[in-house]
Amino acid sequence: MSRTMKIAIVDDEQDMRQSVSQWLALSGYDTETFSCAEDALRAIGADYPGIVVSDIKMPGMDGIAFLKRLMAMDNSLPVILITGHGDVPMAVEAMRLGAYDFLEKPFNPGRMGDLARRAAQARQLTLDNRALRRELADGSVLMKKLIGGSSAMERLREDILDLGQADGHVLVDGETGTGKTLVAHALHAVGPRAGRRFVLLSCAACGEEALAARLFGPSSDGPMPATVEARGGTLCLEDIEALPPALQARLLAFIDEQGTPAETRIVAVSNLQEPGKSCEDVLRSDLYFRLAAMKILLPPLRSRGEDILTLFTHLVEQFAEEYGCDAPTVNAQEAAQLLQAPWPGNVRQLVNVAERAVLQSRRGAGTIASLLMAEDEAGDPTTTEGKPLKEYVDAFERMLIDNAMRRHKGSVASVMEELCLPRRTLNEKMAKYGLSRSDYL
């Protein structure tokens, strides 16, 4: 992570700027230097992808004034200050104002490198968390994560867009690993509450007393209760089937007190996996029917047909980019096995298989088929009832065209040459499988 981090070095002494820059560049950082704080401020924004190293004693705007400006702009930006002998009290004051740390001249380059590494890691975590929060607040981004062209996924996206605009409480149900929490986030992000709080709480994460405190709050000096924190927004209750009977009664009272339309929307997520039992069997009926005023049932992966290959291709490309290697190719036999597997862990299991496929491909060993066989030997069956041959052929053909279009960035001529297809046939097949050249440019 730190190798992609920038480090802004601010010092009015050219020799010091160059020395610090050389030390940090040797550690793999992308450094940029500034002779004064004013120049640095023009280049550093609120989401600056790095950290700042600055001298305290500088003409014009000194390091303390510079720090105050940076903290006003982004109080999570790590700033390491360099101080001369006798300026330690000033550096301590800077720590109080929000500086990450300080170094006293003359300093050990190793100490500088260690501080920069820890500050860069902290900055990367901050930026990742911000990106995740923005992503979870962006309905269009979340909807794109619900990949697939099957009728089940088309219906799911339509349901999310419809129910997202409504005020009623929602119950999200489905097998483990199907993406229920992602759907809960999407329901919030595409609706009128998108700019308000989304509070996530698992009903199975702690005992009844701790859960009651987190949900409803026992005292004024503890953390804000979830029902208060989510006011006006969405309260997402995962593992709703684990909510104890006494807390079911309190939740029901909370819902009734809100009236209609509800000030706070509740999205309940059921993870009940007991055969023959549903959420309706374990919740008191009056609470169940309030929570399930609207219901979304997520389709299992095994019922989504060629979505399996579309998802697998997308995942291996992501992991290949992450690990810096080529994505493994899928032959016809492996495509058939992927389509035929029952996927008891659903999308979560497919993610694991895709990552392992990339890792073993990077080593030049193993096949996708061997991964599926290994799961079979571990007691996870990887085959289920057969499907029509045409379904396998269509899914494999779509995957080949999709992969070729991706590789050639939408160049129809190159895809025609690779797949030995005339233009008319390629156009017909792309129309048949819902593929558009514009998606690859």
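Residues numbered from 1 in each chain as written. Predicted model: local features only at pLDDT ≥ 70, side-chain atom pairs only at ≥ 80, totals over all residues. Heavy atoms only, no water.

### Focus: the layout of surface pockets
Gaps left between atoms are located by rolling a probe of water-molecule size over the structure's atoms.
Moving on, step 1. Space inside the largest pocket adds up to approximately 1,000 Å³.
Moving on, step 2. Lining the largest pocket are 35 residues, and of these Lys145, Leu182, Leu315, Val347 and Val351 sit closest to its centre.
Moving on, step 3. Among the elements of the structure, α5 (109–136), α6 (139–145), α7 (151–164), α8 (180–189), α14 (307–323) and α16 (346–362) are those that each provide at least two residues to the lining of the largest pocket.
Moving on, step 4. By residue number, the principal contributor to the lining of the largest pocket is α14, which donates six residues.
Moving on, step 5. Counted by class, the lining of the largest pocket contains 16 nonpolar, 10 polar and nine charged residues.
Moving on, step 6. Surrounding the second largest pocket, 18 residues form its lining, Ile147, Thr310, Arg398, Arg406 and Asp439 being those nearest its centre.
Moving on, step 7. Counting only elements with at least two residues in the lining of the second largest pocket, the list comes to α6, α7, α14 and α18 (389–407).
Moving on, step 8. The greatest single-element share of the lining of the second largest pocket, amounting to three residues, is contributed by α18. (1 Å grid on protein atoms, 1.4 Å probe; cavity = no way out; pocket = protein on both sides within 12 Å on 5 of 7 lines; lining within 4 Å. Points joined across faces, edges and corners; volume = space filled by probe spheres on them. Helix = DSSP H or I, 4+ residues; strand = E, 2+ residues; numbered from the N terminus. Nonpolar A, V, L, I, M, F, W, Y, C, P; charged D, E, K, R; others polar.)

### Digging into the sheet that holds strand β2 (residues 30–34)
Moving on, step 1. The strand order across the open sheet built from five strands is β2-β1-β3-β4-β5, with neighbouring strands paired in parallel fashion. Only two strands of the sheet have a single partner each, and these edge strands are β2 and β5 (101–104). Averaged over all neighbouring strand pairs, the angle between strand axes comes to 20°, with direction disregarded.
Moving on, step 2. Where strand β1 (residues 6–10) meets β2, five bridges bridge the pair, whose relative direction is parallel. Residue pairing in the sheet places Ile9 in a bridge with Thr33 of β2. (Pairing = 2+ DSSP bridges. Axes fitted to C-alpha atoms, helices over the stretch in contact; angles between N-to-C directions.)

### A short note on the confidence of the model for the chain
Moving on, step 1. For the chain, mean pLDDT is 85; residues scoring 70 or higher make up 92% of the total.
Moving on, step 2. Residue range residues 378–385 is modelled with pLDDT below 50. Its contacts to residues more than four positions away, or to other chains, number 19 contacts. (pLDDT = per-residue confidence, 0-100. Contact = heavy atoms within 4.5 Å.)

### Things to note about unusual backbone geometry
Moving on, step 1. In this structure, the amide linkage connecting Lys105 to the following residue, Pro106, adopts the cis form with an omega of -15°.
Moving on, step 2. Mapped onto the elements of the fold, Pro106 is located in the loop between β5 and α5.
Moving on, step 3. Following Thr260, the chain continues into Pro261 via a peptide bond in cis, with omega recorded as -5°.
Moving on, step 4. Relative to the assigned elements, Pro261 resides in the loop between α11 (245–258) and β9 (265–269).

### Remarks on α7
Moving on, step 1. Under the 1.5 Å per step criterion, the end-to-end length of α7 is 20 Å for 14 residues, consistent within 8% with the ideal 20 Å.
Moving on, step 2. Taken together, the buried positions of α7 are occupied by Ala152, Met153, Leu156, Arg157, Ile160, Leu163 and Gly164. What you see down the axis of α7 is that its buried residues fit within an arc of 145°, all on one side. When the buried face of α7 is taken as reference, the exposed residues oriented beyond 90 degrees from it are Ser151 and Asp162. (Expected span 1.5 Å × (residues − 1). Buried < 20%, exposed > 50% of the residue type's maximum accessible area, 1.4 Å probe, protein only. Arc of directions from axis to C-beta.)

### Here's the deal with the packing of aromatic side chains
Moving on, step 1. For the structure shown, the criterion picks out two aromatic pairs.
Moving on, step 2. Taking 5.7 Å as the distance between ring centres and 80° as the angle between the ring planes, the aromatic pair formed by Trp23 and Phe107 counts as edge-to-face. Of this pair, Trp23 sits in helix α1 (residues 14–26) while Phe107 sits in the loop between β5 and α5, and the two are 84 residues apart along the sequence.
Moving on, step 3. Classification of Trp23 by relative accessible area gives partly exposed; the value is 32%. (Phe/Tyr/Trp six-rings, centres within 6.5 Å; stacked < 30°, edge-to-face > 60°.)

### Topic: empty space enclosed by the protein
Moving on, step 1. If you walk through the whole model with that rule in mind, you get three cavities of 30 Å³ or more.
Moving on, step 2. As a volume, the largest cavity reaches approximately 50 Å³.
Moving on, step 3. Gly164, Ala166, Leu187, His188, Gly191, Pro192, Arg193, Thr234, Arg265 and Val267 together form the lining of the largest cavity.
Moving on, step 4. Put simply, the parts of the chain that give the lining of the largest cavity at least two residues each are α8 and β9.
Moving on, step 5. Partitioning the lining of the largest cavity into residue classes produces four nonpolar, four polar and two charged.
Moving on, step 6. A volume near 40 Å³ is recorded for the second largest cavity.
Moving on, step 7. When residues of the lining of the second largest cavity are traced back to their parent elements, those giving at least two are α14 and α18.
Moving on, step 8. Considering each element in turn, the lining of the second largest cavity owes the most residues, four residues, to α18.
Moving on, step 9. Considered class by class, the residues forming the lining of the second largest cavity number three nonpolar, two polar and three charged.

### Things to note about the sheet that holds strand β8 (residues 234–238)
What links the strands of a sheet is backbone hydrogen bonding, and the strands pair in either a parallel or an antiparallel sense.
Moving on, step 1. Judged by pairing direction, the sheet is parallel, and its five strands sit side by side in the order β7-β8-β9-β6-β10 without closing on themselves. Both outer strands of the open sheet, β7 (198–202) and β10 (294–297), are each paired with one neighbouring strand and no more. The sheet shows a mean angle of 15° between the axes of neighbouring strands, direction not considered.
Moving on, step 2. Taken together, the four bridges between strand β6 (residues 170–173) and β10 define a ladder with parallel strand orientation. When the sheet's bridge partners are listed, Val172 is paired in β10 with Ile296.
Moving on, step 3. Across the sheet, helix α9 (residues 208–216) touches β7 and β8, and the angle it forms with β7 is around 170°.

### Notes on α16
An α-helix turns once every 3.6 residues. As a result, residues three or four positions apart point the same way.
Moving on, step 1. For α16, which comprises 17 residues, the first-to-last C-alpha distance of 25 Å matches the rise-based estimate of 24 Å (1.5 Å per residue) to within 8%.
Moving on, step 2. Of the residues trailing α16, Gly364 is marked for its positive phi of about 75°.

### Examining the nonpolar core
Moving on, step 1. Within the largest apolar cluster, 28 residues are counted, with the highest numbers of intra-cluster contacts made by Leu309, Phe312, Val330, Leu338, Trp343 and Leu350.
Moving on, step 2. Sorting the residues of this core by element identifies α14, α15 (332–340), α16, α17 (368–377) and α18 as the ones contributing at least two each.
Moving on, step 3. Ranked by residue count, the leading element in this core is α14, at eight residues.
Moving on, step 4. Apart from the residues within four sequence positions on either side, Val330 is in contact with Phe312, Ala335, Leu338, Ile368, Phe396 and Met399.
Moving on, step 5. Ala212, Leu235, Leu287 and Leu291 belong to the second-largest nonpolar core, a separate cluster that totals 27 residues. (Core = buried A, V, L, I, M, F, W, Y, C linked by side-chain atoms within 4.5 Å.)

### A few points about the packing of α7 against α8
Moving on, step 1. α8 packs onto α7 with a crossing angle of 45° between their chain directions and a minimal axis gap of 8 Å. One element, α7, and the other, α8, form an angle in the oblique class. Once α7 is placed against α8, the crossing between them reads as right-handed. Residues Leu156, Ile160, Leu163 and Gly164 of α7 lie in contact with α8, whose contacting residues are Val183, Ala186 and Leu187.
Moving on, step 2. Its residues placed into classes, the contact of α7 with α8 shows six nonpolar, one polar and no charged. (Parallel < 35°, antiparallel > 145°, perpendicular 65-115°, else oblique. Left-handed = near helix turned anticlockwise from the far one by under 90°.)

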